[in-house]
2 protein chains.
Amino acid sequence: MEPLPTLDAIRVARQRIAPHIHRTPVMTCASLDRMAGATLFFKCENLQKTGSFKIRGATNAVFSLPDEMARRGVVTHSSGNHAAALARAARERGVPAWIVMPLNAPLAKCRAVEGYGGQITFCEPTIAARESTAKQILEKTGAVLVHPYDNPDIIAGQGTATLELLEEVPDLDVVIAPVSGGGLLSGTAIAAKSLRPQARVIGAEPANADDAYRSMRSGRLEPLSAAVTMADGLRAGLCQRTFDILRERVDEVVLVSEEEIVNAMRHTWERMKLIVEPSSAVAFAVVLKNLPALAGKHIGIIVSGGNVDLERLPFASAESKAAGS
Amino acid sequence: MEPLPTLDAIRVARQRIAPHIHRTPVMTCASLDRMAGATLFFKCENLQKTGSFKIRGATNAVFSLPDEMARRGVVTHSSGNHAAALARAARERGVPAWIVMPLNAPLAKCRAVEGYGGQITFCEPTIAARESTAKQILEKTGAVLVHPYDNPDIIAGQGTATLELLEEVPDLDVVIAPVSGGGLLSGTAIAAKSLRPQARVIGAEPANADDAYRSMRSGRLEPLSAAVTMADGLRAGLCQRTFDILRERVDEVVLVSEEEIVNAMRHTWERMKLIVEPSSAVAFAVVLKNLPALAGKHIGIIVSGGNVDLERLPFASAESKAAGS
């Protein structure tokens, strides 16, 4: 197994990916500060290329490959932001990307992958079908599998968001990032604990997909059971690699309910005028719990992405409210 | 009648209001550039205090008043962004604001006015009732009426957005702003034609509320007939003062359909991850018409505001689509 990524790896990643991605803004909002009783700094990866932080890790992974490996292309199976990110990273390097997607993936996601030049292979919507289809492509093409989080180059890439955040706001007391497979939270924790050891690092997780929370409690990797959450980016479970990093560097995982996610999302849309996806709102939802430990603190929040289907928003329509009353 | 506002008045306004408002960012988006076939610079007044540019004019008007006048307070009748803006500007100066609102005003707008400390007087939802209620308050309190656009201090204040935009992007070929009562477009045109005479200034107007378009064609102030448009900020008509400025300084008013407005709004939400209200999307909708005169140009777009009711969005829901198919 490769060594765990370090701050140096994150610094190298930043250099490597800088020409290909945005340096996203850090935004503040007085009315959300009042609501939270704290001073909040939002690192806006929803304004990132491809609409999420995933392009950081994907670009770092693709550009880390030696030429002869890269030439054969990259493969992943994903129906989410990593798929589009990998397709775009491959296009930036001028190499092919094969993306295995389930037949029931949202059309918008397929279009995004195609728009970045990715070649989609559809499969049945099961994990087994996804893995076997990816394996067939790997065998046929000799391409490299780029896992969405069980990969040190991905983790180092995701950590660059926190590196930028701490450059801009060095005196953070707390950094919060959502946790799913743990790639983003691992990179966040490595960057934060190296640059600002006294900062508390918190993972934000939907109560309906709480494997990280349970794993941190029990001290061993707990399996993810059914993940029925609107936070569609947070339906994966930790792997041993990310769990090992979290256990060492993350102070706490805090759970939020579906109602708290929608509430946080609504406030961010209404007050900041920023479109954040449910998976991102999970981090702000932790702040809205008004935990005593967060009162008055300087809190950095990784706003992980902004890809939503505008035709399936979780805000009740006036019509449906009227019908229900 | 007061003299028309000048670039100097806009510069003075900028000094006066700077401590009270945001300097909003100018954003760009590669995928919207591709769609438009031009290079676009979005001046993001949706990220402004109170969620719209209206705070610029209102703050300038309130802080321009001599102390003894200001002390008596300010009055307006409005159900929109100007109401909240005036309430906040008055609070910043520590003077009372009386806001006359129709009984059917959206609850969210009333809450915003209250949140800024404005005192609401409700009236029947007719122009006559609004004006007579405002008159009664004026007589009783001796307060000053601050009209949302028929006021040179308001116009100078609204022009500060373009002043900032041109400081950041001096080489614009075109500046586009929405037009309703014409306060924003007047200030925009004065700033743009003074600082960058060769820039084309375009007003963007809903075809369903086309009095500015018709007035520019006929050369006289045409009345606004029924304004049935989702662009709820653009349902007012020009006044003589703003029409005089537009006739001299605006090159063209371009009409857009309701469908074009929704389409522009959707693209801005999806690609820029920014919440813009329908009235703001009208300006980007002009660009999406792909007019030959705009091809390849550097275009500044005043994104006027971001206040929307998330429960009444114009995007068809998956359910309603299914029901309609």
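Residues numbered from 1 in each chain as written. Chains lettered and ligands numbered in written order. Predicted model: local features only at pLDDT ≥ 70, side-chain atom pairs only at ≥ 80, totals over all residues.

Before going further, it helps to examine the overall build of chain A. Tallying secondary structure elements over chain A gives 14 helices and 10 strands in all. By its C-alpha atoms, chain A is 55 × 50 × 40 Å across when sized along the principal axes. With 325 residues in all, chain A has 52% of them scored as buried. In chain A, the proportion of contacts linking residues at least 24 apart, taken out of those at least 6 apart, comes to 74%. (Helix = DSSP H or I, 4+ residues; strand = E, 2+ residues; numbered from the N terminus. Buried ≥ 20, exposed ≤ 12 C-beta atoms within 10 Å, placed from the backbone. Contact = placed C-beta atoms within 7 Å.)

A few words now on helix H13 (residues 278-287) of chain B. Taken across its 10 residues, H13 of chain B has 10 buried, putting it largely inside the fold. Among the residues of H13 of chain B, those classed as buried are Pro 278, Ser 279, Ser 280, Ala 281, Val 282, Ala 283, Phe 284, Ala 285, Val 286 and Val 287 of chain B.

With that settled, the discussion passes to the nonpolar core. By size, the foremost hydrophobic cluster in this structure holds 194 residues, and its most contacted members are Leu 86, Ile 176 and Ala 204 of chain A together with Leu 86, Ile 176 and Ala 204 of chain B. Ignoring any residue separated from it by four or fewer positions in sequence, one finds Ile 176 of chain B in contact with Ile 202, Ala 204, Ala 283, Val 286, Val 287, Ile 299 and Ile 301 of chain B. (Core = buried A, V, L, I, M, F, W, Y, C linked by C-beta atoms within 7 Å.)

Bringing the sheet that holds strand S3 (residues 74-77) of chain A into the picture now. Residue and element names in this part refer to chain A. Ordered in space as S5-S4-S3-S6, the four strands form an open sheet in which the pairing is parallel. Looking at which strands have only one partner, the edges of the open sheet turn out to be strand S5 (119-123) and strand S6 (144-145). The sheet contact formed by S3 and S6 spans two bridges and is parallel. Each residue of the ladder has a partner; that of Val 75, found in S6, is Leu 145. (Pairing = 2+ DSSP bridges.)

Now for the environment of His 267 of chain A. Residues and elements named next belong to chain A. Positionally, His 267 belongs in helix H12 (residues 258-272). Classification of His 267 by C-beta neighbours within 10 Å gives partly exposed; the count is 19. For the pair His 267 and Ser 31, spaced 236 residues apart in sequence, the C-alpha to C-alpha distance is 9.6 Å. Excluding anything up to four places from it in sequence, His 267 contacts Leu 32 and Met 35.

All names here are of chain A. What the domain assignment reports for chain A is domain 1 (7-52 + 151-303) and domain 2 (55-145). When each unit is reduced to the centre of its C-alpha atoms, the spacing between domain 1 and domain 2 is 24 Å. Taken together, the contact between domain 1 and domain 2 spans 21 residues of the former and 14 residues of the latter. Sorting the residues of the side of domain 1 that touches domain 2 by element identifies helix H1 (7-17) and helix H8 (152-168) as the ones contributing at least two each. Among the elements that take part in the side of domain 1 that touches domain 2, H8 stands out by supplying eight residues, more than any other. Residue classes in the side of domain 1 that touches domain 2 are distributed as seven nonpolar, 10 polar and four charged. (Domains from an automatic or database assignment. Nonpolar A, V, L, I, M, F, W, Y, C, P; charged D, E, K, R; others polar.)

What follows concerns the relation of the copies chain A and chain B. Taken as rigid bodies, chain A and chain B are interconverted by a rotation of 180° and an axial shift of 0.0 Å, the fit giving an RMSD of 0.0 Å. Both copies are brought into coincidence by an operation consistent with a two-fold rotation axis. Nearest to the rotation axis, the C-alpha of Leu 274 of chain A is located 2.5 Å from it, this being the minimum over chain A. (Least-squares fit on C-alpha atoms with pLDDT ≥ 70 in both.)

So, about the sheet that holds strand S1 (residues 26-27) of chain A. In any sheet, the strands associate via hydrogen bonds between backbone groups, in a parallel or an antiparallel arrangement. Residues and elements named next belong to chain A. Reading across from one edge, S1-S2-S10-S7-S8-S9 is the order of the six strands in this open sheet, with mixed pairing throughout. Only two strands of the sheet have a single neighbouring strand rather than two, namely S1 and strand S9 (252-256). Sheet topology places strand S2 (residues 39-44) next to strand S10 (residues 298-303); six bridges connect them, and they run parallel. Bridge pairing in S10 links Thr 39 to His 298. Strands strand S8 (200-206) and S9 of the sheet are contacted by helix H10 (residues 211-218), whose axis makes an angle of about 140° with S9. (Axes fitted to C-alpha atoms, helices over the stretch in contact; angles between N-to-C directions.)

So, on to the interface of chain A and chain B. On the chain B side, the residues contacting the 18 residues of chain A number 17 residues. The leading source of residues in the side of chain A that touches chain B is H12 of chain A, at three residues. Residues that form the side of chain A that touches chain B fall into these classes: eight nonpolar, four polar and six charged.

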